[in-house]
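# Structural overview
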Amino acid sequence: MWHLREDMSDAQKPQGASLKHDISVPVQRLDRFVAAPTPPSRRATPRCASSASATWATATCTSTQPAGGVDPAAFMARTQEFAEIVHDLTHQFGGSISAEHGLGRLKVDEITRYHSTVELDLKRRIKQAFDPRA
């Protein structure tokens, strides 16, 4: 199973440009979540190929550019649009837009869409307690 997960990115490269979103979802909802990402991605780009893979409570949602006549740069320019689709779906399932790699710099502003000021302050304090040099 681990090899399948690790080799998925290499297998997707011949299909073209792709957008990957590492998120986490409660384990009891993971099966329904993995079945759900295709419709929202296709709503944004009808011929877009979508896939989701999961390990434990984390999932990777991948949207790959449609085949034929789609400029990879134009597809990649829609990164934020696809992120919002996947992150909104993640939020609907009670998940988080971050997974085992943490929030990262790209999602710092976006996290404010899903958490209150109080929640964000609490998260910052917890991080500061464990990582005072951050």
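Residues numbered from 1 in each chain as written. Predicted model: local features only at pLDDT ≥ 70, side-chain atom pairs only at ≥ 80, totals over all residues. Heavy atoms only, no water.

## Description of the overall build of the chain
- A tally of helices and strands in the chain yields six helices and three strands.
- Starting at the N terminus and walking to the C terminus, you meet the elements of the chain as α-β-α-α-β-β-α-α-α.
- Here the chain, with 134 residues, has 33% of them falling under the buried criterion.
- Just so you have it, the chain exposes about 8,700 Å², and 58% of that area is on carbon and sulfur atoms. (Helix = DSSP H or I, 4+ residues; strand = E, 2+ residues; numbered from the N terminus. Buried < 20%, exposed > 50% of the residue type's maximum accessible area, 1.4 Å probe, protein only. Areas by Shrake-Rupley, 256 points an atom, 1.4 Å probe, with all protein chains shown as cover.)

## Points about the side chain of Lys107
- Topologically, Lys107 is positioned in the loop between helix H5 (79-92) and helix H6 (117-130).
- Despite its burial, Lys107 pairs with no opposite charge, the nearest such side chain being Asp22 at 6.4 Å.
- Here the side chain of Lys107 touches Ile97 through a polar contact of 2.4 Å, landing on its backbone oxygen. (Lys, Arg positive; Asp, Glu negative; His and termini not counted. Salt bridge = Lys/Arg side-chain N within 4 Å of Asp/Glu carboxyl O. Polar contact = N/O pair within 3.5 Å; in protein donor to acceptor, adjacent residues only side chain to side chain.)

## Considering the confidence of the model for the chain
- On average, the chain scores 79 in pLDDT, and the residues at 70 or more come to 79%.
- At the level of individual helices and strands, the chain shows its lowest average pLDDT in helix H3 (residues 38-44), which scores 58, and its highest in H6, which scores 92. (pLDDT = per-residue confidence, 0-100.)

## Some details on H6
- Along its 14 residues, H6 runs 20 Å from first to last C-alpha, staying within 8% of the 20 Å computed at 1.5 Å per residue.
- Summarising burial for H6: one of the 14 residues are buried, a small minority. (Expected span 1.5 Å × (residues − 1).)

## Quick word on the environment of Asp121
- Locating Asp121 in the fold gives a position in helix H6.
- A relative accessible area of 32% places Asp121 in the partly exposed class.
- A distance of 2.9 Å separates a polar atom in the side chain of Asp121 from a polar atom in the side chain of Arg125.

## Examining the nonpolar core
- Among the nonpolar cores identified, the biggest contains 10 residues, and these are Ile23, Val25, Leu30, Phe33, Ala36, Ala59, Cys61, Val86, Leu89 and Phe93.
- Mapped by element, the contributors of at least two residues to this core are helix H2 (30-35), strand S3 (58-64) and H5.
- Non-local contacts of Val86, meaning those with residues more than four positions away in its chain, are made with His21, Ile23 and Cys61. (Core = buried A, V, L, I, M, F, W, Y, C linked by side-chain atoms within 4.5 Å. Contact = heavy atoms within 4.5 Å.)

## What to know about a nonpolar patch on the surface
- A cluster of nonpolar residues, Leu122, Ile126 and Phe130, forms a patch on the protein surface that exposes about 360 Å² of accessible area.
- Examined against the element boundaries, Ile126 turns out to sit in helix H6. (Patch = residues over 30% accessible without salt bridge, like charges linked within 9 Å, V, L, I, M, F, W, Y side chains within 5 Å.)

## Overview of the packing of aromatic side chains
- Taken as a whole and judged by the stated rule, the model has one aromatic pair.
- Between the aromatic rings of Phe75 and Phe82, the centroid separation amounts to 5.5 Å while the plane-to-plane angle is 50°, which identifies the pairing as tilted. We note that Phe75, like Phe82, is buried. (Phe/Tyr/Trp six-rings, centres within 6.5 Å; stacked < 30°, edge-to-face > 60°.)

## As for the environment of Leu103
- Turning to its location among the elements, Leu103 is positioned in the loop between H5 and H6.
- Separated by 80 residues in the primary sequence, Leu103 and Ile23 place their C-alpha atoms 9.4 Å from one another.

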